[in-house]
Every structure is written in structure tokens, then in C-alpha cells.
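Listed below are the residues making up each chain.
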Amino acid sequence: MTLHLLKLCVGVDSVEDLEAYRARRSKEQAARGEPLHSVHVTRMFPKQAEKLLNGGSLYWVIKRVIQCRQRIVSLDEVMGEDGIRRCAIVMDPEIIRTAPAARRPFQGWRYLKAEEAPMDISDPAAGGESLPPDLRRKLIEIGAW
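Everything numeric in this text was worked out from a predicted model, so none of it was measured.

Student: Could you clarify how one ought to interpret the overall build of the protein in this entry?
Tutor: Check the secondary structure of the protein and you find three helices and seven strands. Starting at the N terminus and walking to the C terminus, you meet the elements of the protein as β-α-β-α-β-β-β-β-β-α. Burial analysis of the protein (145 residues in total) assigns 39% to the buried set. When contacts within the protein are restricted to residue pairs at least 6 apart in sequence, those whose partners lie at least 24 apart make up 67%. Total accessible area on the protein is roughly 8600 Å²; 52% of this is exposed by carbon and sulfur atoms.

Student: Whenever I open this one, unusual backbone geometry confuses me. Can you help?
Tutor: The general pattern is negative phi for most residues beyond glycine and trans for most peptide bonds. Positive phi is not limited to glycine here, since Lys-63 has a value of about 55°. Along the chain, Lys-63 turns up in the loop between strand E3 (57–62) and strand E4 (65–79). Classification of Lys-63 as partly exposed rests on a relative accessible area of 42%. We note that Arg-64 has phi near 70°; this positive angle belongs to a residue other than glycine. Relative to the assigned elements, Arg-64 resides in the loop between E3 and E4.

Student: Explain the nonpolar core to me, please; I cannot follow it from the model alone.
Tutor: Nonpolar side chains tend toward joint burial in soluble globular proteins. Counting 19 residues, the largest nonpolar core has Trp-60 and Ile-89 as its most contacted members. Elements supplying a minimum of two residues to this core: strand E1 (3–8), helix H1 (15–32), helix H2 (49–52), E3, E4 and strand E5 (85–91). Look past the residues within four positions of Ile-89 in its chain and what remains in contact with it is Leu-5, Ser-38, Val-39, His-40, Thr-42, Leu-58, Ile-72, Ser-74 and Leu-75. Formed by eight residues, the second largest nonpolar core is a distinct cluster that contains Leu-6, Ile-66, Phe-106 and Leu-112.

Student: Which parts of the structure should I look at to understand the pairing of strand E6 (residues 96–102)?
Tutor: Here is the key point about a regular strand: its side chains alternate between the two faces of the sheet. For E6, the tally of buried residues reaches six of seven residues, placing the bulk of the element in the interior. Here four bridges tie E4 to E6, and the two strands are oriented antiparallel to one another. Each residue of the ladder has a partner; that of Arg-69, found in E6, is Ile-96.

The rules behind each value
For every chain, the first residue of its written sequence is number 1, and the numbers climb from 1 along that sequence. With pLDDT at 70 or above as the cut-off, local features in this predicted model cover only qualifying residues; side-chain atom pairs require 80 or more to be listed or tallied, and sums for whole chains, interfaces and linings still use all residues. As a rule here, side-chain values come from all non-hydrogen atoms in the structure, and water together with hydrogens is ignored. Per the convention used, a helix needs a DSSP run of H or I reaching at least four residues, while a strand needs a run of E reaching at least two, with both numbered from the N terminus. Partly exposed residues are those whose accessible area sits between 20% and 50% of the maximum for their type, while under 20% is buried and over 50% is exposed, using a 1.4 Å probe and protein chains only. By definition in these notes, contact holds between two residues if any of their heavy atoms fall within 4.5 Å. Computed by Shrake-Rupley with a 1.4 Å probe, the accessible areas treat only the displayed protein chains as cover when residues are assessed. Take the buried Ala, Val, Leu, Ile, Met, Phe, Trp, Tyr and Cys residues and link them wherever side-chain atoms come within 4.5 Å; each set so joined is a nonpolar core. DSSP calls a pair of strands paired once it identifies at least 2 bridges connecting them.

Encoded structure:
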């Protein structure tokens, strides 16, 4: 059984912002000779790690809407500078756009069942990226999307 994670993408205004940030990080990793992976460190270690590693993804909520995902490669334990155990969510660098799905704010991360995950979209225009962000957000909020 596959399970996914849902996480707020704080400080990012669009999928394009996330892609630009990841591209900068990839260049830095390549310059240091490190593997090209996206890593997000979080305080809590998922108890259902086995299900997440069985094809799971981290779905990013940007501006209260699930807009994209990244496939989870591994969950690694790391120690913070404060000596607290944390979880490094290692993801494939590819950012896959998804059908938009509204979400309320929350803290940390949440599990997302596979059957509740929005489907992938191959064409960014299919997700309404060409619409003004406010109009797109309103359409999602009223359930017209």
C-alpha cells in the first residue's frame, strides 16, 4: 500500500518559484559533487515510513492549493545542531505538477492516502497556470475546478 505526505511550501508563491529554488540547489550540489536530490528536513519522523517508501510522494501545498509533488526516495535520520533527531525527506529532483486541490493551512506534514491524491497533469495549462492566480484560487475555493 502506498501513502503520501502533504506539506506546506512556505515562502514559495508558485510552482515556478519552487522549480527555480530547486534548480539553484541542484547547481550547488553539482558543484560540490553531491548527488542531485531535493531534501526537506522535518522534526517528526513518519511512523508509516514503509508505506511512504512504496512509491509515495511529497505533495506541496502552495498558496493553500496542492499544486505539485516530488517522489520520495528515502527517509534519513539526521541530527540537528541542537542534538534533536530529525527526518530528512529525500526526494527525486523532478517536480511533477498535479491537478489543483484546495487545502486549509496546517502545521508540519500530514499523511495523504493514495486514493485522495490529486492526479498528475502533463500540461501546465491544464492546471490553470495561465489564469490569473486570484481567479484560479477562487475557482478552486468554490469547487468549480
